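Topology and contacts: notes
The lines below spell out each chain.
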Amino acid sequence: MPEKEILRRIYQAIKPYTGTMLVAMLCMVLVAGFSASQAYMVKPLLDRIFFEHDRSTLNILPLILIAIFLGKGIFYYGYTVLLEKVGQGVVRDLRQKVYRHISRMPLSFFHRTATGELISRVVSDVTLIQYAVSRAVVGILKDLFQVLGLLGVVFYMNWQLASFSLLFLPLSLVPMAIFGRLHRRYSHQNQETMANVSTHLHETINGHRIVKAFGMETYEGDRFAGIVDRLYRIFIKEAKVRNFSHSLMEFLGGVFVAMVIWYGGRQVLNGHATPGTFFSFMTSLVMIYEPIKSLSDVNSALQQGMAAAARVFRLLDEEPEPRAGTDDIPLPPFEKELRVENLSFSYDGNDTVLNDISFTIKAGETIALVGPSGGGKSTLANLVPRFYEPTRGKILIDGHNLMDLDIKTLRDQIAMVTQETILFNDTVKNNIAYGDPERNMDEIRAAARAAYALDFIEDLPQGFNTVIGEFGARLSGGQRQRLSIARALLKDAPILILDEATSNLDTESEREVQKALENLMRDRTTLVIAHRLSTIRQANRIYVIKDGRIVEQGDHDTLMASGGVYQTLKKMQR
Ligand SMILES: Nc1ncnc2c1ncn2[C@@H]1O[C@H](COP(=O)(O)OP(=O)(O)O)[C@@H](O)[C@H]1O
Ligand SMILES: [Mg+2]
């Protein structure tokens, strides 16, 4: 992303805070003015008091100094707090924006983007942008005002000496430019590696059971050590660049002061300047030096922020895939049928996962999909709530093409229970009422009862108010599944999709989950993908899907009699 574009967008982000920013800048100008007058005060101090022995000046000068410091203090406070407001405001806005953007991305986006990477965009990159805004963009202004004010004093005091010193100023800009570029490169590598750290942590802490079960602690430990070590080396390289540039700037500053002493001292000795002018001049120079030195630090913050901003903006630019339909028809309550017509689908545009699938589910029917693993059943199930979009063909609900429907009204009418239960680290109650916080306790309790979950919930230490741990870590597989069923019951959507909801369970929990599912399926239109064939005996029709095609269809008895794939699958279960 070109630098100009990044800056333009950072500017866009700051724009809402223009007012605050202007007031902050005003305070900044005043601070700079007070700083300059501090330097200027050295002249009367030396010349009037020490050389001319003027007593009246001695009475006024300390008072003026107190006033200057007081003023500087007040406005310094003002500008720093206001700037923080701008910087943190930008951070807040960007985090909200990035999070909303991420949550609107299609499933395919999450398949190709690591979680840790997204977390690091929202957490650390945004912070780096804040540094860039409040330290760099504004820091530059502050330093600039400071330098301008002090330069004013310097020129007012002695323009020859001032012009002489100005010759050196451009010299300090060269290393700043060179180091800035290096710095940006390291900062980028640094953030990428940080993202790897988060991804690795996220995966292995989440998957700790698998890591242990496979005895991979050492392997994962080594892998992590590798990443952290890379981070170490980048940090050290970065520190070398940053501190070398610091030392170099300091040295250049020293050379500069030495030259000024040599040139200015001669002027005092020749009688072209008073000692007061000279020291006042020197004070100004020393004070100018600070903001110039910090300009080089500011530069590195700016470089880091630019790199981070580029990553955040790239993420924000990731378009949700183009949509083929109009998207805006609200789906009326489901009443007639769900029809799949000549549906084909491919994840990547090459491998066809679903090939020319057609079938119809009438309201109130239960349709089962069976077939060998990898055949495309889950893919088909995910197309119904439009998690993906068909490559060819279409899905119609009561005659409305899914592509034309408003997604929210579509998903409101579909409940899904899948093999992997998704629960949040919240209370049992909030997990059941997820998506509908308005539900009252009676409804939640009724849903839990119908899902055969009430008994175990009431045995939990705080009942419905027990926090269940990340992803429901404190519950058994069957309990988690019954909570998801309670959630689906409470949602009370007319269309139900069950994707191997009982497959990960032992026989005991499977029986209970099965009973819960029967309650859930009652009076609903159901698409069930089942692993155990016993659960689909009652289905109105069964479709056998293999390699993305419907290879057989019919009810249980017909299929058993026909002696095809279904019969083979059924036999394998015995
Ligand atoms: N997110 C994905 N990206 C790319 N390919 C996928 C994705 N999910 C599944 N597949 C592929 O699609 C095919 C069908 O998978 P799936 O629908 O999960 O089958 P089933 O549920 O019948 O076991 C498989 O070959 C699988 O590798
Ligand atoms: Mg599947």
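Please read these numbers as outputs of a predicted model, since none were measured by experiment.

Before going further, it helps to examine a positive patch on the surface. Residues Arg185, Arg230, Lys237 and Lys240 make up a contiguous surface patch of positive charge. With respect to the helices and strands, Lys237 occurs in helix α9 (residues 217–269). We classify Lys237 as partly exposed; its relative accessible area is 41%.

If you walk across this open sheet you meet the 4 strands as β2-β1-β4-β5, and the pairing is antiparallel. Edge positions in the sheet fall to β2 (352–362) and β5 (400–401), since each of these pairs with one other strand and no more. Examined bridge by bridge, strand β1 (residues 337–346) and strand β4 (residues 392–397) share 5 bridges and lie antiparallel to one another. By the bridge assignment for β4, Glu341 is matched with Lys394.

Take the site of ligand 1 next. The local shell around ligand 1 consists of His111, Tyr347, Val353, Ser373, Gly374, Gly375, Gly376, Lys377, Ser378, Thr379 and Tyr388. In this structure, an oxygen atom belonging to ligand 1 sits 2.6 Å away from a main-chain N or O atom of Gly374. Within the backbone of Gly376, an N or O atom sits 2.9 Å from an oxygen atom of ligand 1. Considering ligand 1 on its own, with 560 Å² of exposed area, one finds that the protein chains cover 59% of that surface. If you tally residues by element for the shell around ligand 1, the top one is helix α11 (residues 377–383), at 3 residues. Within the shell around ligand 1, the residues separate by chemical class into 3 nonpolar, 7 polar and 1 charged.

As for its placement among the helices and strands, Gln191 is situated in helix α7 (residues 169–206). In this structure Gln191 comes out as buried when scored by relative accessible area, which is 8%. Among the polar contacts listed, one links the side chain of Gln191 to the side chain of Ser124, at a separation of 3.3 Å. In this structure Gln191 touches Ser120, Ser124, Asp125, Leu128 and Arg311, once residues within four positions along its chain are discounted.

Let's shift gears to the nonpolar core. By size, the foremost hydrophobic cluster in this structure holds 44 residues, and its most contacted members are Ile432, Ile457, Leu483, Ile485 and Leu520. In terms of residue count, helix α16 (residues 477–491) provides more of this core than any other element does, 6 residues in total. What Leu520 contacts, discounting residues up to four positions off in sequence, is Val417, Ile485, Ala488, Leu489, Leu496 and Leu498. Val86, Ile102, Ala310 and Phe313 belong to the second-largest nonpolar core, a separate cluster that totals 32 residues.

We now examine the domain arrangement of the protein chain. Annotation of the protein chain at the domain level lists domain 1 (3–317) and domain 2 (324–412 + 535–574). Here domain 1 and domain 2 have C-alpha centroids that lie 58 Å from each other.

Right, let's get into the pattern of salt bridges. Here the structure, examined in full by the defined rule, presents 19 salt bridges. Close ionic contact of Arg339 with Glu337 constitutes a salt bridge, the shortest N to O distance being 3.3 Å. Under the relative-accessibility criterion, Arg339 is labelled partly exposed at 30%. Taking the shortest distance from any N to any O, the salt bridge between Glu389 and Arg386 comes out at 3.2 Å. A relative accessible area of 2% places Arg386 in the buried class.

Definitions and limits used
Residues numbered from 1 in each chain as written. Chains lettered and ligands numbered in written order. Predicted model: local features only at pLDDT ≥ 70, side-chain atom pairs only at ≥ 80, totals over all residues. Heavy atoms only, no water. Patch = residues over 30% accessible without salt bridge, like charges linked within 9 Å, V, L, I, M, F, W, Y side chains within 5 Å. Areas by Shrake-Rupley, 256 points an atom, 1.4 Å probe, with all protein chains shown as cover. Salt bridge = Lys/Arg side-chain N within 4 Å of Asp/Glu carboxyl O. Lys, Arg positive; Asp, Glu negative; His and termini not counted. Charge placed at Lys NZ, Arg CZ, Asp CG, Glu CD. Helix = DSSP H or I, 4+ residues; strand = E, 2+ residues; numbered from the N terminus. Buried < 20%, exposed > 50% of the residue type's maximum accessible area, 1.4 Å probe, protein only. Pairing = 2+ DSSP bridges. Near = heavy atom within 4 Å. Polar contact = N/O pair within 3.5 Å; in protein donor to acceptor, adjacent residues only side chain to side chain. Nonpolar A, V, L, I, M, F, W, Y, C, P; charged D, E, K, R; others polar. Contact = heavy atoms within 4.5 Å. Core = buried A, V, L, I, M, F, W, Y, C linked by side-chain atoms within 4.5 Å. Domains from an automatic or database assignment.

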